[in-house]
Structure formats: C-alpha cells, structure tokens
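Residues per chain, in single letters:
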Amino acid sequence: MVSRAEPSLSGRWWWSIDRVILSGLVALMVSGVVLLMAGGPPVAERLGLSTFHFVNRQAAYLFIAMTIFISVSFMTPRQVRRAALLIYVGSLAMVVATLYLGVEVKGARRWLTLGPLGSVQPSEFIKPAFVVLAAWAFSEGGRRPDLPGTWLAFLLLPATIAPLVLQPDFGQTMLVTLVWAGLFFVAGLHWFWVLGLGGAGAVGILIAYQLVPHVRARIERFMDKGSGDTFQIDTALESFAQGGWLGKGPGEGTVKRILPDAHTDFIFAVTAEEFGIVVCILLVMLFALIVLRSLSVAQKAEDPFIRLAVTGLALLFGIQASINMMVNLHMMPAKGMTLPFVSYGGSSLISLAIGTGFLLALTRKRPRAVDFGRFRN
C-alpha cells in the first residue's frame with residue numbers, strides 16, 4: 001500500500017485516482033481476455049490460423065493499451081485538452097485519407113495500412129478526442145459569452161461525421177452524434193434545440209434508408225426477418241437459448257463455431273452460450289458501475305469542462321457497449337460496433353485506453369482553489 005505521505009508522482013496519483021472506476025476498468029480488461037478465449041479460437045480455426053491467434057494478439061494489444069491507459073491518467077485537464085486536439089487533428093486527417101487510400105472491406109473504406117504497424121481504423125481514435133474538444137467548446141461557450149465556443153461545438157459535429165458518412169460508417173456516425181447530443185443537453189441549452197436535433201437525426205436516418213442500400217437492407221432485415229438473410233442474428237439468438245442461465249461451460253459451446261464475427265461484434269452472444277446469462281448480467285452490471293460512477297463524479301465537479309468531458313466520455317463508453325449488446329439481442333439493426341475491452345481489435349482497444357485514460361485523468365481528486373481575497377476584508 002502506498003502511503004498518503006508518499007511525495008512521489010505515483011503516490012500522488014494513487015491517492016487522487018478514482019479507484020472504483022479504475023477497478024471496474026481493470027476487471028473489464030481482464031474479463032475481455034478470458035471471454036475472447038471462448039470467441040477467438042473458432043474464428044481462428046475457420047481462417048486456418050493457430051487456435052489462440054486472436055487471443056495472443058489481443059494480449060499483446062492489451063499490454064500496449066494498459067501502458068497508454070496508465071500514462072494518460074497522469075495528465076492534468078490542460079494536458080488532456082492539448083492531447084485531444086493533437087489526436088483529433090491527426091485522426092481526422094487519417095479518416096479523410098481512408099477515402100482515397102483505405103482498404104475496402106464489405107463496401108466501406110475504414111482502414112489504413114501503415115506498413116509494419118498493420119491496419120488501423122482511424123475513426124476509433126477520433127471519438128474520445130472529439131468528446132473532449134466538444135466538451136471544452138460547450139464549457140467555454142457557457143463560461144465566456146464573448147468567445148464563440150458554442151458555435152465551435154456546432155461546427156465540430158459536421159466536420160467529424162462528414163468523412164465518416166463518406167466511408168461509409170453509419171455506426172460510428174450515430175455514436176458520435178448521440179454523445180454530442182448528450183453534451184448539448186447537459187450544457188443546458190434550450191429544449192427547442194434538443195427537439196430540433198432529434199428531428200434532424202430522424203431525417204438523417206430516413207435519408208440514409210432511402211439512399212444507402214446496405215442501410216436499407218439492415219433496417220428491413222431487423223423489421224422483417226423474411227426480407228433477407230438473417231443467419232448472423234438468428235445464430236446469435238440461438239447462442240443465448242443454448243447457454244441458458246449458467247451456460248454450457250468454457251470450451252463447450254457449439255453454436256459459436258458457425259457464428260460469424262464471434263470474436264468481435266458477437267462476442268456477447270458467445271459469452272451467453274459458454275458462461276450463461278448470469279455472467280452476461282454481471283458484465284452489464286460492470287459496464288453500468290463504470291458509467292454511473294463516472295456520471296456521479298461528473299455531477300460533483302465544479303469545473304464545467306471536467307463535468308461535460310467526464311459526462312461525454314462516460315456516455316461514449318456506455319452507449320457503445322449498449323449498442324453492441326442490443327444488436328446481439330436483436331433489439332436494433334446490426335451496427336458493427338465492438339464491445340469495449342471485450343471484442344477483439346487493436347484500434348478499438350488502444351482508442352478505449354485513450355478515452356478511459358482521459359476519464360481517469362479528469363476524475364482525479366484535485367485541491368480546490370482558495371479565494372484569498374475574502375480573508376483580506
């Protein structure tokens with residue numbers, strides 16, 4: 001145990017960090033590797049790879065992610081803002097580059113090949129940086145009316161989602177827009193604008209349905225199973241039915257062997273088959289603990305930037321997890337969204353490490369500024 005009197009940087013970090021959030025995130029990271037041992041091997045075998053190919057790669061990515069996660073959590077709020085700006089500019093440039101240089105997969109250009117580093121999905125990195133910058137813009141708009149902070153926050157949204165739509169990546173577009181709308185609401189702007197944004201979002205979905213064939217196909221398959229191929233979601237639901245409350249046991253799943261994307265988008269269904277619905281509920285509770293604790297800390301924050309940024313990062317984390325689990329349960333159309341820290345993916349894991357590192361950095365306890373002026377009177 002580190003002493004409270006320990007003057008070192010690590011000592012100050014340990015006593016200022018929110019240990020509930022930290023414990024929840026570490027538990028989720030460890031659980032992710034364990035659960036991937038159920039979903040990864042069947043996919044690896046189908047692709048002709050070694051049995052634990054995805055597990056070993058995820059463990060290597062997790063080591064890098066943990067290093068980034070801890071390093072970022074040492075930052076001050078000012079350093080978080082500066083880092084977010086650099087990441088946002090670099091990621092946005094890379095997202096635009098995917099439109100011209102990206103690898104096309106299933107009709108979309110979302111990946112860049114960076115030589116020995118392999119493939120990278122830049123849209124993953126833009127999300128936490130966007131949230132921090134939007135929170136800063138909204139907070140400055142409320143604190144200093146002479147600065148166009150609110151207008152900057154308005155401009156950030158189209159600048160971010162326009163290249164995402166062109167890829168196209170409607171899942172990330174929807175996620176970023178929902179989090180931005182949540183920040184908009186928490187910033188205290190008028191209900192008229194909130195309703196207007198909701199209407200604009202509905203119009204956007206309608207336009208995507210009319211103009212983008214694969215969006216139309218996904219929505220129609222969700223509404224009517226007879227309208228197209230529903231093998232993936234039917235297999236995922238079968239995993240829940242086969243697993244029951246307590247599951248078949250580690251390595252005993254059979255449905256997972258024919259489930260596409262069992263190691264990424266549908267790892268929640270694999271978890272249900274092998275470990276049971278009880279473990280799925282515990283996983284949901286772990287996500288809820290992290291999000292609710294973050295929102296509780298955000299509510300008590302005096303600095304508007306910290307309050308908005310922590311709220312936005314918690315929403316980003318929670319909404320992404322909710323979308324993945326709802327898709328697995330056929331509660332919404334497929335989105336291609338990973339389950340945070342559980343699904344396989346290097347870009348996703350490192351992006352989440354940055355976002356949750358920002359979250360820990362901003363929720364650290366800091367001494368209040370003292371107004372010495374009142375003691376002079």
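If you're wondering where the values come from, they're calculated on a predicted model, not measured in any experiment. (Residues numbered from 1 in each chain as written. Predicted model: local features only at pLDDT ≥ 70, side-chain atom pairs only at ≥ 80, totals over all residues. Heavy atoms only, no water.)

Draft legend 1. The arrangement of helix 2 (residues 19–46) in detail. Counted at 1.5 Å a residue, the expected span for helix 2 with its 28 residues is 40 Å, and the 41 Å between its end C-alpha atoms agrees. The largest bend along helix 2 measures about 40 degrees and falls at Met 37, with the proline Pro 41 one to four residues further on. Capping of helix 2 at its N-terminal end is provided by Asp 18; its side-chain oxygen lies 3.1 Å from the backbone amide nitrogen of Val 20. Positive backbone phi, approximately 75 degrees, marks Gly 48, located one or two places after helix 2. (Helix = DSSP H or I, 4+ residues; strand = E, 2+ residues; numbered from the N terminus. Expected span 1.5 Å × (residues − 1). Bend = angle between axes of the 7 residues up to and from the residue. Polar contact = N/O pair within 3.5 Å; in protein donor to acceptor, adjacent residues only side chain to side chain.)

Draft legend 2. Molecular detail of the packing of helix 4 (residues 77–101) against helix 13 (residues 346–362). Between helix 4 and helix 13, the shortest axis-to-axis distance is 9 Å and the interhelical angle comes to 160 degrees. The angle between helix 4 and helix 13 falls in the class roughly antiparallel. The two elements helix 4 and helix 13 meet at a crossing, and its hand is left-handed. Contacts between helix 4 and helix 13 involve Pro 77, Val 80, Ala 83, Ala 84 and Ile 87 on the former and, on the latter, Ile 354, Phe 358, Ala 361 and Leu 362. Of the residues contributing to the contact of helix 4 with helix 13, the split by class is nine nonpolar, no polar and no charged. (Axes fitted to C-alpha atoms, helices over the stretch in contact; angles between N-to-C directions. Parallel < 35°, antiparallel > 145°, perpendicular 65-115°, else oblique. Left-handed = near helix turned anticlockwise from the far one by under 90°. Contact = heavy atoms within 4.5 Å. Nonpolar A, V, L, I, M, F, W, Y, C, P; charged D, E, K, R; others polar.)

Draft legend 3. Structural context of the environment of Gly 276. By the element assignment, Gly 276 lies in helix 11 (residues 267–300). A C-alpha to C-alpha distance of 7.3 Å links Gly 276 and Lys 248, two positions 28 residues apart in sequence. What Gly 276 contacts, discounting residues up to four positions off in sequence, is Gly 243, Gly 244, Trp 245, Leu 246, Gly 247 and Thr 271.

Draft legend 4. Fine view of the side chain of Asp 18. Counting through the fold element by element, Asp 18 comes out in the loop between helix 1 (9–16) and helix 2. Given the relative accessible area of 5%, Asp 18 is considered buried. Polar contacts involving the side chain of Asp 18 include one to the side chain of Arg 293, which spans 3.0 Å. Once residues lying within four places of it in the same chain are set aside, the contact partners of Asp 18 are Arg 293, Val 297, Leu 360 and Thr 363. (Buried < 20%, exposed > 50% of the residue type's maximum accessible area, 1.4 Å probe, protein only.)

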